[in-house]
Amino acid sequence: MKNTTVLLASTALAMGATSVFAEGSITAVSWGGAYTKSQIEAYHKPWTAATGNTVVSEDYSGGIAEVKAQVEAGNVTWDIIDVEKSDAVRGCDEGLFMEIDPASLPAGADGTAAEEDFIPGSFTDCAVANIVWSTIFAYDKSATPNGPKTIADFFNTADFPGKRGLRKSPKANLEMALAADGVAAEDIYEVLDTDEGIDRAFAKLDTIKNDVVWWEAGAQPPQLLADGEVAMTTAYNGRIFNAVASEGKPFEIVWDAQVFDVDMWAIVKGAPNADLAMDFLKFSTETEQLAAQASYISYGPARKSSAPLVSTYHSNADLEMGPQMPTAPENFKTAIANDFEFWADNADELNERFNAWLIN
């Protein structure tokens, strides 16, 4: 884990909200970089201003291993964590997260009950969605003017030479490999749910294995592109967007075979500040906060009532937000919906095989 810690002091701004809790602090764990920055601006700072409570922000690289270690040791230091949906399900099944009743969440700005206001798939027994995001691939237009157009191009090192950046995980890599090998988006998990399909995905990854630069933290892919270490890389769409909008990088996203998912807040079982964490969770998943986050990074808000409030332009650039969203019609034509049940059931086995494949 990259232990970057940011302590946000309370501010004197009046936000019109109150808290039933005395001033305190929670530790919120997320993915770092531009994503955590968007949460700090849209969630942490306003909550601090409204309640007087502070947020200690820590970064991690995903999974539930660290949460499990804390819970099993009886030494929980994290309060709330941003997790992928499959990890939310696994963590709940293993007793690592607290249960959350969607009915306890605030209604939407238009009065719609939370259970109806959130997009489908936003709740598990122990977690609440905040964003829709995608794994995509991207390249530097200044280095490759006539760049790739499809996921097949990503795997075509003959016509598009150069190193490839891939997340050091089987998730999304196996799906994209099958898509590059000709499997339609709607058939990906049917194929992947067979031994032959898994073999096929790894065989496709074999074709570029010697050209791969592996990344683990979400902030790494834009840096790999900027440094010229890779010709193209998979990445979280918001990280590439941020590099373009905030840093002026000449990067281009290729949306073909994007793998989209939701990220969710979960409260760790035995969290030292569980009540405060729940207050923060409710605050940060309100209509206005989810809309505010989308003005900092191109991840779609999980509440329907947030959509009309999303700023037309990025907060730091004259860049339209709508076309940058994973769910924009032009971007969504070949999108692959992450099957969280598949990964909840198969993550351990596929992680083991993937790690063995890496060293062979």
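By convention here, each chain's residues receive numbers from 1 onward along its written sequence. It should be noted that, the model being predicted, local features are given only for residues of pLDDT at least 70 and side-chain atom pairs only at 80 or more, the latter also being counted only at that level, while totals for whole chains, interfaces and linings use all residues. The side-chain values count all of the structure's non-hydrogen atoms but skip hydrogen atoms and water molecules.

Undergrad: Which parts of the structure should I look at to understand the overall build of the chain?
TA: By the criteria applied, helices consist of DSSP H or I runs no shorter than four residues and strands consist of E runs no shorter than two, each listed in order from the N terminus. Secondary structure summary: the chain contains 13 helices and twelve strands in total. The quantity called the radius of gyration is restricted to C-alpha atoms. Its globule counterpart is 2.2 Å times the number of residues to the power 0.38. At 20 Å, the chain has a C-alpha radius of gyration in line with the 21 Å of a compact globule built from 360 residues. Per-residue burial for the chain yields a buried fraction of 55% across its 360 residues. Only the protein chains shown count as cover for residues, with accessible areas throughout obtained via the Shrake-Rupley method and a probe of 1.4 Å. When the accessible area of the chain is evaluated, it comes to approximately 14,900 Å², of which 48% is carbon and sulfur surface. The charged-residue count follows a simple rule in which Lys and Arg add positive charge and Asp and Glu add negative charge, with His and chain termini not counted at all. Taken as the charge centre is NZ of Lys, CZ of Arg, CG of Asp or CD of Glu, depending on the residue. Within the chain, the 54 negative side-chain charges are centred at a point lying 6 Å from the centre of the 24 positive side-chain charges. Partly exposed describes any residue whose relative accessible area lies between the buried limit of under 20% and the exposed limit of over 50%, with all areas from a 1.4 Å probe on protein chains only and scaled to the type maximum.

Undergrad: What's the story with the layout of surface pockets in this structure? I'm lost.
TA: Using protein atoms alone on a 1 Å grid, points that fit a 1.4 Å probe yet trap it form a cavity, whereas open point sets bounded by protein on both sides within 12 Å along at least five of seven lines form a pocket; residues with an atom within 4 Å of a point count as lining. Grid points are joined across faces, edges and corners, and a volume is the space filled by probe spheres set on the points. The space that makes up the largest pocket amounts to roughly 540 Å³. As for the largest pocket, its lining consists of 21 residues, and the residues nearest its centre are Gly62, Gly63, Arg167, Ser169 and Asn351. At the level of secondary structure, the elements contributing two or more residues to the lining of the largest pocket comprise helix H2 (65-73), helix H3 (85-93) and helix H13 (340-359). The element that contributes the greatest number of residues to the lining of the largest pocket is H13, accounting for six residues. Residues belonging to the lining of the largest pocket are distributed by class as follows: six nonpolar, six polar and nine charged. Taken as a whole, the second largest pocket spans an internal volume of roughly 260 Å³. Elements with a contribution of two residues or more to the lining of the second largest pocket: helix H1 (33-51), helix H9 (220-226) and helix H10 (237-247). Residue type decides the class: Asp, Glu, Lys and Arg count as charged, Ala, Val, Leu, Ile, Met, Phe, Trp, Tyr, Cys and Pro as nonpolar, and the leftover types, Gly among them, as polar.

Undergrad: I keep staring at the packing of aromatic side chains and nothing clicks. Help me out?
TA: Two descriptors summarise a pair of aromatic rings, namely the distance from one centre to the other and the angle between the planes of the rings. Pairing of aromatic side chains here covers Phe, Tyr and the six-membered ring of Trp, requires ring centres within 6.5 Å, and sorts the geometry by plane angle: under 30 degrees stacked, over 60 edge-to-face, intermediate tilted. Applying the stated criterion across every chain yields a total of 19 aromatic pairs. Between Trp265 and Phe280 the ring centres are 5.6 Å apart and the planes differ by 70°, which places this aromatic pair in the edge-to-face class. Separated by 15 residues along the polypeptide, Trp265 in strand E10 (residues 251-267) and Phe280 in helix H11 (residues 274-284) bring together distant segments of the chain. The residues Trp265 and Phe280 share a single accessibility class, namely buried. One aromatic cluster in this structure is built from Trp31, Tyr60, Trp78, Trp133, Trp215 and Tyr236. Over a ring means this: the NZ of a Lys or the CZ of an Arg is within 6 Å of the ring centre and within 35 degrees of the ring normal. The side chain of Lys85 reaches across the aromatic face of Phe340, ending 4.2 Å from its centre. Over the ring of Trp357 we find Lys209; its NZ or CZ atom is 4.5 Å from the centre of that ring.

Undergrad: Teacher, can you tell me more about the packing of H3 against H13 here?
TA: Relative placement of two packed helices is described by the angle separating their axes and the distance separating the axes. In this description, a line fitted to the C-alpha atoms serves as the axis of each element, helices being fitted only across the stretch in contact, and the angle between N-to-C directions of two axes falls anywhere from 0 to 180 degrees. Following both chains from N to C, one finds H3 and H13 inclined at 60°, their axes separated by 8 Å at the closest point. Of the two elements, H3 crosses H13, and the hand of that crossing is right-handed. Along its contact with H3, which presents Lys85, Ser86, Val89 and Arg90, the element H13 presents Phe340, Trp343, Ala344, Ala347 and Asp348. For the contact of H3 with H13, the class distribution of residues is five nonpolar, one polar and three charged. In a left-handed crossing the near helix is turned counterclockwise from the far helix by less than a right angle, and in a right-handed crossing that turn is clockwise. Contacts are residue-level and defined by heavy atoms, with any inter-residue pair within 4.5 Å sufficient.

Undergrad: Looking at this model, I keep getting lost on the packing of H1 against H11. Mind explaining?
TA: The N-to-C vectors of H1 and H11 enclose an angle of 115°; their axes lie 10 Å apart at closest approach. In the packing of H1 onto H11, the handedness of the crossing is right-handed. On the side of H1, the interface is formed by Tyr43, His44, Pro46, Trp47, Ala50 and Thr51, while H11 contributes Leu276, Asp279, Phe280, Phe283 and Ser284. Taken together, the residues of the contact of H1 with H11 sort by class into seven nonpolar, three polar and one charged.

Undergrad: Quick question: what am I supposed to make of the nonpolar core here?
TA: Generally speaking, a soluble globular protein has its nonpolar side chains buried in company with each other. What makes a nonpolar core is a set of buried Ala, Val, Leu, Ile, Met, Phe, Trp, Tyr and Cys residues whose side-chain atoms join them at distances within 4.5 Å. Judged by nonpolar contacts, the single largest core of 65 residues is most densely connected at Ile80, Ile81, Val83, Phe97, Ile240, Phe280 and Leu281. Excluding residues within four positions of it along the chain, Ile81 makes contact with Val29, Tyr60, Val67, Phe97, Met264, Trp265, Ala266 and Val268. Counting 35 residues, the second largest nonpolar core, distinct from the first, contains Phe137, Leu166, Ala347 and Phe354.

Undergrad: Sorry if this is basic, but what is going on with the pattern of salt bridges here?
TA: Pairing between side chains of opposite charge can happen when their charged atoms approach one another. Counted as salt bridges are all cases of a side-chain nitrogen of Lys or Arg within 4 Å of a carboxyl oxygen of Asp or Glu. As enumerated under the stated definition, the model contains eleven salt bridges in all. We note a salt bridge from Glu252 to Lys141, for which the minimum N-O separation is 3.5 Å. Here Glu252, found in strand E10, pairs with Lys141, found in the loop between strand E6 (127-140) and helix H5 (151-154); they are 111 residues apart in sequence, far enough to count as distant. Accessibility expressed as a relative area gives 30% for Glu252, which makes it partly exposed. With its nearest N and O atoms 2.6 Å apart, the salt bridge here joins Asp181 to Arg200. Here Asp181 is found in the loop between helix H6 (173-180) and helix H7 (188-192), whereas its partner Arg200 is found in helix H8 (residues 195-206), with 19 residues between them in sequence. Take Arg200: its relative accessible area is 33%, and that puts it in the partly exposed class. A network of salt bridges, in which partner residues are shared, links Glu84, Arg167 and Lys171.

Undergrad: How should I be thinking about the side chain of Asn237 in this particular structure?
TA: By secondary structure assignment, the location of Asn237 is in helix H10. Pairs of N or O atoms within 3.5 Å make up the polar contacts considered here, provided that, within protein, one atom can donate a hydrogen while the other can accept it, and that residues adjacent in sequence are counted only when both atoms are side-chain atoms. Side-chain polar atoms of Asn237 contact the backbone oxygen of Ser298, separated by 2.8 Å. Apart from the residues within four sequence positions on either side, Asn237 is in contact with Trp133, Ser134, Ile136, Ile253, Trp255, Ser298, Tyr299, Gln324 and Pro326.

Undergrad: How should I be thinking about unusual backbone geometry in this particular structure?
TA: Most of the time, phi is negative for any residue but glycine, and the peptide bond is trans. Residue Ala172 is not a glycine yet carries a positive backbone phi of 75°. For Ala172, the position within the fold is in the loop between strand E7 (164-167) and H6.

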